[in-house]
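# Residue-level structure breakdown
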Amino acid sequence: MFGKLRLTNSLTREKELFEPINPPNVGMYVCGPTVYSDVHLGNVRTFISFDIINRYLKFLGYKVRYVRNITDVGHLLDTGEDKISEKARLDKLEPMEIVQKYTNDFHNVMKTFNALPPDIEPSAIGHLLEQIEMIETLLAKGFAYKAKGSVYFDLNKYNESYEYGKLSGRKIEDLINQSRVLEGQDDKKNPLDFALWKKAAPNHIMRWKTEWSDGFPGWHLECSVMSTKYLGPQFDIHGGGMDLKFPHHDCEIAQCLGTTNKEPVKYWMHANMLTVNGQKMSKSLGNSFLPWQLISGEHEMLDRGYSPMAIRFFMLQSHYASTLDFSNDALNGSLKGYKKLANGIRILKEMVYPENQTLNINSALVDQVNKMCDDCHHAMNDDFNTALAIGHLFNLLKKVNSLYSKQIAFTDLDQATFDRMKSTLLTFTEDILGIKPETNINGQNLLNILLENYADAKAEKNYKKVDLLRQQLRKEGINIKDMKDFVGWAYNE
Ligand SMILES: [Zn+2]
């Protein structure tokens, strides 16, 4: 009924028919955040993109196991220091305090943007034994070597049987020419060989004892270990931000092939980057803002704040594989669009197809509405094209508004068509796109308005209205208190 899903595979650079390895099961792994600072907006966009993919696959009836990791060790700064260790040292906290704080923050941000949690959220430190095992296997197979307490992946050896860099499309010879001579590279056979295990410097806080050294695992290793542990040696979808393609994902492929001789991932998917007024978003350019700044509007580049659902809606108006450009104009446009959608959905939810009507079917209209519903599915089936799907939802919304304003009559449509329109709009908006109603209505202000009405009615000696307001508020759990010179209230006791 919904047609076939096609998606763009970064590995083949083709739009391919989605055929899971073990239907109806689908395994999806997405590289999660390194929890050493506030999650940045680019990450939020990536995780919202994969939230949509998770939601749509589930809608199609697949049993999805969605794994997204927490990186709590091994992600190094250019200085060679672990990102979490550095932050712990600067803030004089335990590394695990840093990890916990930013994991909590990250979860709050994801919840604010209505992203469903993954089914498994493993952490790198929780999988050290498995990482050590994978290093042992790679050593035993000759794809890794020891050097001064560290263990490196042997790319020259790997390239005798496989092709390093095939995902990002880089050639090893070019990479060697481009690579800078970094500290510690003297230990390596090839400057591009990446660390599987790093011997810790004396001041390094996070360290574990192994036969190689007191040290810590390389960052790329955890994802190979955790994805294959929970999804098997070969799984369906591996996602992440575009910036992870190289070296992170190319290294993951190398580690898995070196360990199992099996291509680990059938479909690689990458969400694109953010730009601000056409320029790359980056801290150094001063044009990057954090999720909470976008919500509060507290940033010099922002005209105002935007609600989380307006931001989510804004992100979905671009295809995940296109760059997403932030500008005040675009955000304001999305805010209007989001409100229009929210209003339409609110009207639709209250709309009921009337009973016992004499039908006067407008078959052209019926065909049109059914085609619009089909189009929503086709858009999502075409590589999760949320931008296009939103366009079709707005076409349907126009019909809803016409029904509301009685420009068209319910009797123009049969009930099945009306029901399909309603369920398509609701399912796509709320379940698939994850756009939920946001209310800015302030209950206290509304109550104050009612209490003023009550005081006016009392002054006018309109006791019928006075009693009615008392009764209605009591039903809502509010007790009106007639004080000497004002009207107060209390919760019913
Ligand atoms: Zn990863």
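Definitions and limits used
- Residues numbered from 1 in each chain as written.
- Predicted model: local features only at pLDDT ≥ 70, side-chain atom pairs only at ≥ 80, totals over all residues.
- Heavy atoms only, no water.
- Pairing = 2+ DSSP bridges.
- Helix = DSSP H or I, 4+ residues; strand = E, 2+ residues; numbered from the N terminus.
- Phe/Tyr/Trp six-rings, centres within 6.5 Å; stacked < 30°, edge-to-face > 60°.
- Buried < 20%, exposed > 50% of the residue type's maximum accessible area, 1.4 Å probe, protein only.
- Lys NZ or Arg CZ within 6 Å of the ring centre and 35° of its normal.
- Domains from an automatic or database assignment.

Taking strand neighbours across the sheet as the criterion, the 3 strands line up as β13-β12-β14 in an open arrangement whose pairing is mixed. Bordering the open sheet on either side are β13 (279–280) and β14 (324–326), each of which pairs with just one other strand. As judged from the 2 bridges shared by strand β12 (residues 274–276) and β13, these two strands associate in the antiparallel manner. Pairing of valine 276 across the sheet is with glutamine 279, part of β13.

All right, on to the packing of aromatic side chains then. All told, the structure shown has 23 aromatic pairs when counted by the stated rule. For the pair phenylalanine 153 and tyrosine 158, a centre-to-centre distance of 5.4 Å together with 65 degrees between the ring planes defines the contact as edge-to-face. Given the relative accessible area of 0%, phenylalanine 153 is considered buried. An aromatic cluster is built from Phe143, Phe153, Tyr158, Tyr162, Tyr164, Phe194 and Phe246, whose rings are joined through pairwise contacts. In this structure, lysine 157 packs its charged tip against the face of phenylalanine 143, placed 5.3 Å from the ring centre. Of note, arginine 304 hangs over the ring of tyrosine 306, and the distance from its end group to the ring centre comes to 5.5 Å.

Moving on: the domain arrangement of the protein chain. When the parts come together, some accessible area is lost, and that loss is often what is quoted as the size of the interface. Parsing the protein chain into structural domains produces domain 1 (6–271), domain 2 (276–432) and domain 3 (444–491). Look at where the C-alpha atoms of domain 2 and domain 3 centre, and you get two points 40 Å apart.

Here the focus is unusual backbone geometry. A cis amide bond, omega 5 degrees, links proline 23 with the succeeding residue proline 24. Its location among the elements puts proline 24 in the loop between β2 (14–17) and β3 (25–30). Residue proline 247 is bonded to the preceding phenylalanine 246 through a cis peptide linkage, with omega at 0 degrees. The topology assignment puts proline 247 in helix α8 (residues 245–260). The backbone of arginine 13 sits at a positive phi, close to 60 degrees, despite the residue not being glycine. Counting through the fold element by element, arginine 13 comes out in the loop between β1 (6–9) and β2. The class for arginine 13 is partly exposed, based on a relative accessible area of 48%. One non-glycine residue with positive phi stands out, namely phenylalanine 384, at about 55 degrees. Structurally, phenylalanine 384 is set in the loop between α12 (363–381) and α13 (386–404). With relative accessibility at 2%, the residue phenylalanine 384 sits in the buried group.

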